[in-house]
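Read off the chains here:
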Amino acid sequence: MELFLIKAAQLVVALVLLVTVHEFGHYIFARMFGIKVNRFYLFFNPKFSLLKYDPMQGTLKFIAYDKDGKERALRTFQVSRSRSPRADGKPTWRDTIYGLGWLPLGGYCDIAGMVDETKSTKDLASEPQSWEFRSKAAYKRLLVMVAGVLFNFILAIVIYIGIAVHWGDDYVPYSAMKEGLDFSEEMQQAGFRTGDKLVTLNSEPIDAKDYNTLWKMIQPGARVGVQRGDSALTVEIGEHLLKQMATKGKDYRAMMIRVPVYVASTANGEAAAKAGLKPGDRILKVGADTTPAITEFRPALTKYKGQKTTLVIERDGVESTVPVELGESGLLGIQMVSPTEIFDTEHIDYNIFQAVPRGWEIGTGQLASYVSSLGLIFTKEGAQSVGGFGTLGSLFPEKWNWYSFWQITAFLSVILAFMNVIPIPALDGGYILFLLVEMVTRRRMSERFIEIANTIGMFFLLLLLVYANFNDIYRMLLK
């Protein structure tokens, strides 16, 4: 239960930040163009609001709800003096009611004179006012709608810049992976083999600092140059690898560094200590089985458990064979050297001027990956991989870690920007599409048409939400 609460808390904090920034993008551009914003809400508030602040009245209401057509509140606080609207009728920030809803499925910015999830054509029956959305030029309305997506993408870039400045980059160059990599079954079916060392990607040197290396590697038609023993080979990726990997869960690892077995310490009285192993020894063979990495080492111990066998070890560059007697557990009784101490890990520190292009590189790379993955959503494998809040929560670590939190939050901010730009009515992308059509044809779509399209789009989004969360439940309980 504790682990669930930690993951849930991280998800909620991330969503609060992402939704607030997204809606603030709409808000700030609306205000720049003199458009009145009726309400600015974090989370939705059907029937009642947890908090409701009215700057004009100077009141902060706790659990505000409507009853018998009149607004009630469990508690009302007078936090500032009441004010009157401007004499010239121009809207200000005080004309907006700010609130916190109870349904954490997003948020909204209720822009005056705009058909959205908060209003229908009946609410716009009066003559258009100069401070309404519908009265502004098409390009201004377009910028208001693009702003939410833009702000989410900017947020991701800013977070990546902050990560670069504060933590820098730690990575193991592919050239330092002396034993190569282990590959999943799907990767091996595509042509990779255990121990392959990555050299090039599409004829360019492969870069371990690139967040999107794996994504680029599994694209249909990608050409991956590998060193296999003494041979240089090229693995050409077919059409099916990307779809196969789309259905894998969060714990799936397509490839991992092969870690050699070095002894850090031995436990007194255990098999390794009795055999005379010392810190710094490398175990090369268990019995007749060669063990260049942990991948082969653990199965070899299981194979010889309860038996007398031999170990081939390397100490100070010299190989020797020592007898060992494994117990029924098949354990040697050693602590292995951490991979961070084995490999030549490189660290890069960034100042603010260096961090800006690094943050831009990571953010645009993540966005490009998601744009290129759009077609995958419409495949059987892609549909099966769609997840809801459970999938999002599972991305976060079981212990609060600020580095991981900011990495995942930036990642989700890119996703939110990408998903909102898809041209589905009721999403920002739907409004953007309608406005682009208007600017090209010079004919505005009717408010009634937009209302119907939004209703259809909202119904589709609700079905998608139910389907995504059903997938989570299915994977958790049945699969």
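The coordinates are above.
Let me sum up the structure you'll find in this document.

**What to know about the overall build of the protein chain**
- Per the secondary structure count, the protein chain includes 14 helices and 20 strands.
- What you see for the protein chain is a C-alpha radius of gyration of 29 Å, clearly larger than the 23 Å of a compact globule of 479 residues, by over 25%.
- Every one of the 479 residues in the protein chain was classed for burial, and the buried ones make up 41%.
- Within the protein chain, contacts between residues separated by at least 24 positions form 66% of all contacts whose residues are at least 6 apart in sequence.
- For the protein chain, the distance from the average site of its 52 positive side-chain charges to the average site of its 49 negative ones is 8 Å.

**Here's the deal with the pattern of salt bridges**
- Applying the stated criterion across every chain, the model contains 17 salt bridges.
- Here K52 ties to E71 by a salt bridge, and the two come within 2.2 Å at their closest N and O atoms. In this pair, K52 sits in strand β2 (residues 48-54) while E71 sits in strand β4 (residues 70-78), placing the two residues 19 residues apart along the sequence.
- A relative accessible area of 34% means that E71 is categorised as partly exposed.

**Describing the nonpolar core**
- M187, F192, L198, M217, I283, L311 and L332 are the most contacted members of the largest nonpolar core, which totals 44 residues.
- Ranked by the residues each element gives to this core, the list is headed by helix α7 (residues 294-303), at 4 residues.
- Contact partners of F192, with chain neighbours within four places excluded, come to F183, M187, L198, M217, V224, V226, R228, V235 and I237.
- Formed by 41 residues, the second largest nonpolar core is a distinct cluster that contains A14, A30, F151 and L435.

**Observations regarding the sheet that holds strand β11 (residues 223-228)**
- Spatially, β10-β9-β11-β12 is the arrangement adopted by the 4 strands of the open sheet, whose pairing is antiparallel. Single-partner strands in this sheet number two, and they are β10 (204-205) and β12 (231-236).

**Some thoughts on α7**
- Restricting attention to buried positions, one finds in α7 the residues I294, F297, A300 and L301. For α7, the angular spread of buried residues about the axis comes to 125°, placing them on one side.
- Among the structural elements, β15 (282-286), β16 (289-290) and β19 (334-336) are those in contact with the buried residues of α7.

**Quick word on the packing of helix α2 (residues 138-166) against helix α13 (residues 428-441)**
- Packing of α2 against α13 brings their axes to within 9 Å, and their N-to-C directions diverge by 155°. In terms of axis orientation, α2 runs roughly antiparallel to α13. The two elements α2 and α13 cross, and the hand of that crossing is left-handed. Contacts between α2 and α13 involve A138, Y139, R141, L142, M145, V146, G148 and V149 from the former and D428, Y431, I432, L435, L436, E438 and M439 from the latter.

**Re unusual backbone geometry**
- For K47, which is not glycine, the phi torsion reads 75° and is therefore positive.
- Relative accessible area serves as the criterion here: at 75%, K47 is assigned to the exposed category.

**Quick word on the packing of aromatic side chains**
- This model, assessed by the stated rule, comprises 21 aromatic pairs.
- Ring centres 5.6 Å apart and planes at 80° place the aromatic pair Y27 and F40 in the edge-to-face group. One end of the pair, Y27, is in helix α1 (residues 2-32); the other, F40, is in strand β1 (residues 37-44), and 13 residues separate them in sequence. For the pair formed by Y27 and F40, the shared burial category is buried.
- Aromatic side chains F29 and F33 sit 6.4 Å apart centroid to centroid with 70° between the ring planes, which places their arrangement in the edge-to-face category.

**Concerning helix α12 (residues 402-420)**
- Taking 1.5 Å per residue as the helical rise, α12 with its 19 residues ought to reach 27 Å, and the 26 Å between its terminal C-alpha atoms agrees with that figure.
- F405, Q407, I408, T409, A410, L412, S413, V414, I415, A417, F418 and N420 are the residues of α12 that are buried.
- In this structure N401 caps α12, since a side-chain oxygen of it lies 3.0 Å from the backbone nitrogen of Y403.

Conventions and cut-offs
Residues numbered from 1 in each chain as written. Predicted model: local features only at pLDDT ≥ 70, side-chain atom pairs only at ≥ 80, totals over all residues. Heavy atoms only, no water. Helix = DSSP H or I, 4+ residues; strand = E, 2+ residues; numbered from the N terminus. Rg over C-alpha atoms; globule rule 2.2 N^0.38 Å. Buried < 20%, exposed > 50% of the residue type's maximum accessible area, 1.4 Å probe, protein only. Contact = heavy atoms within 4.5 Å. Lys, Arg positive; Asp, Glu negative; His and termini not counted. Charge placed at Lys NZ, Arg CZ, Asp CG, Glu CD. Salt bridge = Lys/Arg side-chain N within 4 Å of Asp/Glu carboxyl O. Core = buried A, V, L, I, M, F, W, Y, C linked by side-chain atoms within 4.5 Å. Pairing = 2+ DSSP bridges. Arc of directions from axis to C-beta. Axes fitted to C-alpha atoms, helices over the stretch in contact; angles between N-to-C directions. Parallel < 35°, antiparallel > 145°, perpendicular 65-115°, else oblique. Left-handed = near helix turned anticlockwise from the far one by under 90°. Phe/Tyr/Trp six-rings, centres within 6.5 Å; stacked < 30°, edge-to-face > 60°. Expected span 1.5 Å × (residues − 1). Polar contact = N/O pair within 3.5 Å; in protein donor to acceptor, adjacent residues only side chain to side chain.

Keep in mind these numbers describe shape, not what the thing actually does.
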